[in-house]
Amino acid sequence: MDIGDCYRLLGLRSGASFIEVKASYRRLVQQYHPDINPDDEKAKDKFIALTEAYKLLQTVAPPGETSGKTEGSKSNTKSTTVIVEEAYARIENRQATSNTTMPDPPSIHDIEQRLKWKTYEQLQRFLQDKMFPQAIALVEALAARLPSDVEVRQWQAISYQIWGRALISEKQLPKARIYLKKALKTDPHNKALLSEIQQDFQRLGLRI
């Protein structure tokens, strides 16, 4: 297995930082762990391959943190993707720890639902603190993980709308229009959302 295969196995781009590698590994092994899939040989093989890839990338992946200052940048900054992956890793790590004494391992559905609502709590905090880029990144990551979940799509659409409204207030009208349209595209059958966004577009002096 070469380095590129290791990154692909973990669902990452080549050259991703070790922080991203670690977060992705923790998320995936929770899904494929033999304790959760006791009779699934494919899951067992996947778990072994993930572990081998992780061990190899430990030695080559860049750390992913900046220790000093560079011109035009701040020290110790992290990308939104890393923040999201670390948030998932913390949630899943706590979940795995809390389940170690359970007689029967939880189903993948139960784990996904717990992660979903933990993520929702974090999403609410981001929106309340007006950390809109982080909120959008978090809900998009959740939507990618649970693509058929209706509630998650609604949260995603509402997050787009909230940011769109904030951008209107900041006079960033072209960008606001983009996110309001993304809200409609994400949850097109939500009549209440459509009505609200129509009003938002009226504020922009535009039609949908």
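> Got a minute to help me understand the overall build of the protein in this structure?
Within the protein one finds nine helices and zero strands. Along its sequence from the N terminus, the protein presents helices and strands in the succession α-α-α-α-α-α-α-α-α. Relative to its 208 residues, the protein shows a buried fraction of 40%. Here the analysis covers contacts within the protein between residues at least 6 apart in sequence; of these, 58% occur between residues at least 24 apart.

> Would you explain the pattern of salt bridges in this entry?
Side chains carrying opposite charge are able to pair once their charged atoms draw close together. Per the stated rule, a full pass over the model turns up seven salt bridges. Here Asp5 makes a salt bridge to Arg8, at a shortest N to O gap of 2.5 Å. Separated by three residues within a single helix, Asp5 and Arg8 lie in helix α1 (residues 3-9), roughly one turn from each other. Judged by its relative accessible area of 32%, Asp5 falls in the partly exposed class. Residue Arg8 is classed as exposed on the basis of its relative accessible area, which comes to 55%. For Asp149, the salt bridge identified is with Lys116, shortest N-O distance 3.0 Å. Note that Asp149 is positioned in the loop between α6 (132-145) and α7 (150-169) and Lys116 in helix α5 (residues 108-128), a separation of 33 residues in sequence. For Asp149, a relative accessible area of 13% translates into the label buried. For Lys116, a relative accessible area of 2% corresponds to the buried category. A network of salt bridges, in which partner residues are shared, links Lys116, Asp149 and Glu151.

> It is not clear to me how the packing of α7 against helix α8 (residues 173-186) should be interpreted in this structure. Could you clarify?
Helices that pack against each other are described as a pair by the angle of their axes relative to one another and the distance between those axes. In the contact formed by α7 and α8, the axes pass within 8 Å of each other and the chain directions differ by 165°. As summarised for this structure, α7 and α8 are arranged roughly antiparallel, according to the angle between their axes. For α7 against α8, the interelement crossing comes out left-handed. Contact residues: α7 offers Arg153, Gln156, Ala157, Tyr160, Gln161, Trp163, Gly164, Leu167 and Ile168, while α8 offers Leu173, Lys175, Ala176, Tyr179, Leu180, Lys182, Ala183 and Thr186. Among the residues making up the contact of α7 with α8, the classes are represented as 10 nonpolar, four polar and three charged.

> Would you mind showing me how to read the nonpolar core here?
Grouped burial of nonpolar side chains is what soluble globular proteins tend to show. Ranked by size, the top nonpolar core spans 28 residues in total, and within it Leu123, Val152, Trp155, Trp163, Leu180 and Ile197 carry the most contacts. A total of eight residues in this core trace back to one element, the largest contributor, which is α7. Those residues within four positions of Leu123 in sequence are excluded, and the remaining contacts are Ala135, Leu138, Val139, Trp155 and Ser159. Ranked by size, the runner-up nonpolar core spans 13 residues in total, among them Leu12, Leu28, Tyr54 and Leu57.

> Looking at this model, I keep getting lost on unusual backbone geometry. Mind explaining?
Glycine aside, a negative phi is what most residues show, and trans is what most peptide bonds show. Backbone geometry places Lys130, a non-glycine residue, at a positive phi of 60°. Residue classification places Lys130 among the exposed residues on the basis of a relative accessible area of 64%. For Lys171, which is not glycine, the phi dihedral falls at a positive 65°. Inspection of the secondary structure puts Lys171 in the loop between α7 and α8. For Lys171, a relative accessible area of 68% translates into the label exposed.

> Hey, could you run me through α6 in this one?
Given 3.6 residues per helical turn, the α-helix brings residues three or four places apart onto the same face. Compared with an ideal rise of 1.5 Å per residue, which puts 14 residues at 20 Å, α6 spans 20 Å between its outermost C-alpha atoms and is within 8% of the ideal. Of all the positions in α6, only Phe132, Gln134, Ala135, Ile136, Ala137, Leu138, Val139, Leu142 and Ala143 are classed as buried.

> What exactly am I supposed to notice about α7 here?
Here α7 spans 29 Å end to end across 20 residues, near enough to the 28 Å set by a 1.5 Å rise per residue. Sitting at the head of α7, Asp149 places a side-chain oxygen 3.0 Å from the backbone nitrogen of Glu151. Just downstream of α7, Lys171 is the residue with a positive phi angle, here 65°.

Conventions we followed
- In every chain, residue numbers begin from 1 and rise along the written sequence.
- A pLDDT threshold of at least 70 governs which residues receive local features in this predicted model, and a stricter bar of 80 or more applies before side-chain atom pairs are shown or counted, although totals over entire chains, interfaces and linings include all residues.
- Excluded from the side-chain calculations are hydrogens and water; all other atoms, namely the structure's heavy atoms, are used.
- For the purposes of this entry, the term helix denotes a DSSP run of H or I that reaches at least four residues, the term strand denotes a run of E that reaches at least two, and both are numbered from the N terminus.
- Summary of the burial criterion: residues with accessible area below 20% of their type's maximum are buried, those above 50% are exposed, and those between are partly exposed, where the area comes from a 1.4 Å probe applied to protein chains only.
- Contacts: residue pairs with any heavy atoms within 4.5 Å of one another.
- By convention in these notes, a salt bridge is any Lys or Arg side-chain nitrogen within 4 Å of a carboxyl oxygen on Asp or Glu.
- Axis definition: a line fitted to C-alpha atoms, limited for helices to the stretch in contact. Angles are taken between N-to-C directions and run from 0 to 180 degrees.
- Here the word oblique covers every angle except those under 35 degrees (roughly parallel), over 145 (roughly antiparallel) and from 65 to 115 (roughly perpendicular).
- Left-handed describes a crossing whose near helix is turned anticlockwise from the far helix by less than a right angle; the clockwise case is right-handed.
- Each residue is assigned to one class: nonpolar for Ala, Val, Leu, Ile, Met, Phe, Trp, Tyr, Cys and Pro, charged for Asp, Glu, Lys and Arg, and polar for all the others, Gly among them.
- Within this scheme, the nonpolar core is defined by two criteria: the residues are buried Ala, Val, Leu, Ile, Met, Phe, Trp, Tyr or Cys, and they are joined through side-chain atoms within 4.5 Å.
- Helix span is expected to be 1.5 Å times the residue number reduced by one.
- In protein, a polar contact requires one atom able to donate a hydrogen and another able to accept it; more generally it is a pair of N or O atoms within 3.5 Å, and residues adjacent in sequence count only if both atoms are side-chain atoms.

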